[in-house]
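# Secondary and tertiary structure notes
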Amino acid sequence: MNHDELKKAVGWKALHYIKPSTIIGIGTGSTVSHFIDALYTIKDKIEGTVSSSLCSTQKLKSLGIPVFNLNQVDEVAVYVDGADEINPQMQMIKGGGAALTREKIVAAVAKKFICIVDSSKEVGVLGSSVPLPVEVIPMARVYVARRLIQLGGLPEYRLNVITDNGNIILDVYNLCIVDPIFLEKTINEIPGVVTVGLFASRSADVVLIGTKNGVKTIVKNN
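Now for a description of the structure that goes with this document.

Each value, and the rule that gives it
- Residues numbered from 1 in each chain as written.
- Predicted model: local features only at pLDDT ≥ 70, side-chain atom pairs only at ≥ 80, totals over all residues.
- Heavy atoms only, no water.
- Axes fitted to C-alpha atoms, helices over the stretch in contact; angles between N-to-C directions.
- Helix = DSSP H or I, 4+ residues; strand = E, 2+ residues; numbered from the N terminus.
- Parallel < 35°, antiparallel > 145°, perpendicular 65-115°, else oblique.
- Left-handed = near helix turned anticlockwise from the far one by under 90°.
- Contact = heavy atoms within 4.5 Å.
- Nonpolar A, V, L, I, M, F, W, Y, C, P; charged D, E, K, R; others polar.
- Phe/Tyr/Trp six-rings, centres within 6.5 Å; stacked < 30°, edge-to-face > 60°.
- Buried < 20%, exposed > 50% of the residue type's maximum accessible area, 1.4 Å probe, protein only.
- Lys NZ or Arg CZ within 6 Å of the ring centre and 35° of its normal.
- Core = buried A, V, L, I, M, F, W, Y, C linked by side-chain atoms within 4.5 Å.
- Pairing = 2+ DSSP bridges.
- Salt bridge = Lys/Arg side-chain N within 4 Å of Asp/Glu carboxyl O.

What follows concerns the packing of helix 2 (residues 30–40) against helix 3 (residues 54–62). Orientation of helix 2 relative to helix 3, taken along the N-to-C sense of each, is 20°, at an axis distance of 10 Å. Relative to helix 3, the element helix 2 lies roughly parallel. The chirality of how helix 2 crosses helix 3 is right-handed. Every residue of helix 3 that contacts helix 2 at Ser 33, Ile 36 and Asp 37 is listed here: Ser 56, Lys 59 and Leu 60. Its residues assigned to classes, the contact of helix 2 with helix 3 shows two nonpolar, two polar and two charged.

To continue, consider the packing of aromatic side chains. With the rule as written, the count across this model stands at one aromatic pair. Taking the centre distance of 5.2 Å and the plane angle of 45° together, the rings of Tyr 79 and Phe 113 count as tilted. Here Phe 113 lies in strand 6 (residues 112–118) and Tyr 79 lies in strand 3 (residues 78–81), a separation of 34 residues in the sequence. Relative accessible area serves as the criterion here: at 0%, Tyr 79 is assigned to the buried category. Directly above the aromatic system of Phe 199 lies the positively charged group of Lys 94, at a separation of 5.5 Å from the ring centroid. Positioned above the aromatic ring of Tyr 157 is the side chain of Arg 141, whose terminal nitrogen or guanidinium carbon lies 4.7 Å from the ring centre.

Quick look at the nonpolar core now. Judged by nonpolar contacts, the single largest core of 22 residues is most densely connected at Ile 18, Ile 26, Phe 35, Leu 39 and Ile 116. Mapped onto this core, the elements with two or more residues apiece are strand 1 (23–26), helix 2, strand 3, strand 6 and strand 12 (206–211). With five residues, helix 2 is the single largest residue contributor to this core. Ranked by size, the runner-up nonpolar core spans 21 residues in total, among them Val 123, Val 134, Val 172 and Leu 183.

Let us look at the sheet that holds strand 9 (residues 168–173). The antiparallel open sheet is built from four strands, whose spatial order is 8-9-7-10. A strand with exactly one partner marks an edge of an open sheet, and here the two such strands are strand 8 (154–157) and strand 10 (193–196). Each strand axis lies, on average, 30° off the axis of its neighbour in the sheet, ignoring direction. Note: strand 8 against strand 9, four bridges, orientation antiparallel. Looking at the pairing, Leu 154 lines up with Tyr 173 of strand 9. Contacting strand 7 (132–136), strand 8, strand 9 and strand 10, helix 5 (residues 141–150) crosses the sheet at an angle of about 15° to strand 9. Of the strands in this sheet, strand 7 and strand 10 touch helix 6 (residues 180–188), which is tilted by about 170° from strand 10.

Right, let's talk about the pattern of salt bridges for a bit. On inspection of all chains with the given rule, the structure shows 10 salt bridges. A salt bridge links Asp 81 to Lys 94; the nearest nitrogen and oxygen atoms lie 2.7 Å apart. One end of the pair, Asp 81, is in strand 3; the other, Lys 94, is in the loop between strand 5 (92–93) and helix 4 (100–109), and 13 residues separate them in sequence. Overall, Asp 81 belongs to the buried group, its relative accessible area being 0%. Residues Lys 185 and Glu 189 are paired through a salt bridge, measuring 2.7 Å at the closest nitrogen-oxygen approach. The class of Lys 185 is exposed, set by a relative accessible area of 52%. Through salt bridges with shared partners, a single ionic network connects Asp 81, Lys 94 and Glu 103.

As structure tokens, then:
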């Protein structure tokens, strides 16, 4: 199977974790788009969704799937999203689509986080193949970049990208992230940072990985 077929396989597999009459958190990206297609087939059985990006919201509404503001709901049963990288501890780098802040909020609220990826996203150490996105308030861009350099990173301003929250993205290269929880906390404490695209403190509960031999399921040991 090609990459798109692997993404489709995990998107549909995630449907097994959806229970009737619940609110479903929806992430962002091409793999999630396949999940939304799958969710459409049971849209009359769920209460609705909470979306982490304008792009996902538009697709959900175009398919007639109800979308609620997070402040309108009591709980989110399951959050389904992809990742740019994921390590064996089920910690992730996210934010390639610039929706990391809203993704992190919905993931924090959700009772269960289902991460859907193809096998190319698996890494031993985060930062191996993609930069680490950081959402930053525009006036703090240069200051935050200097602090990120002090941490050993090489930040690059993502040109012509404004987040759904009206902020900018710094993509940080040259990081070998051996302690994701510590780095997540350290970067989040820099004034001007909205959030960093490390999902380490709140890692996935279930990972569905599309491989040439089918979908591999990994469940967190509590």
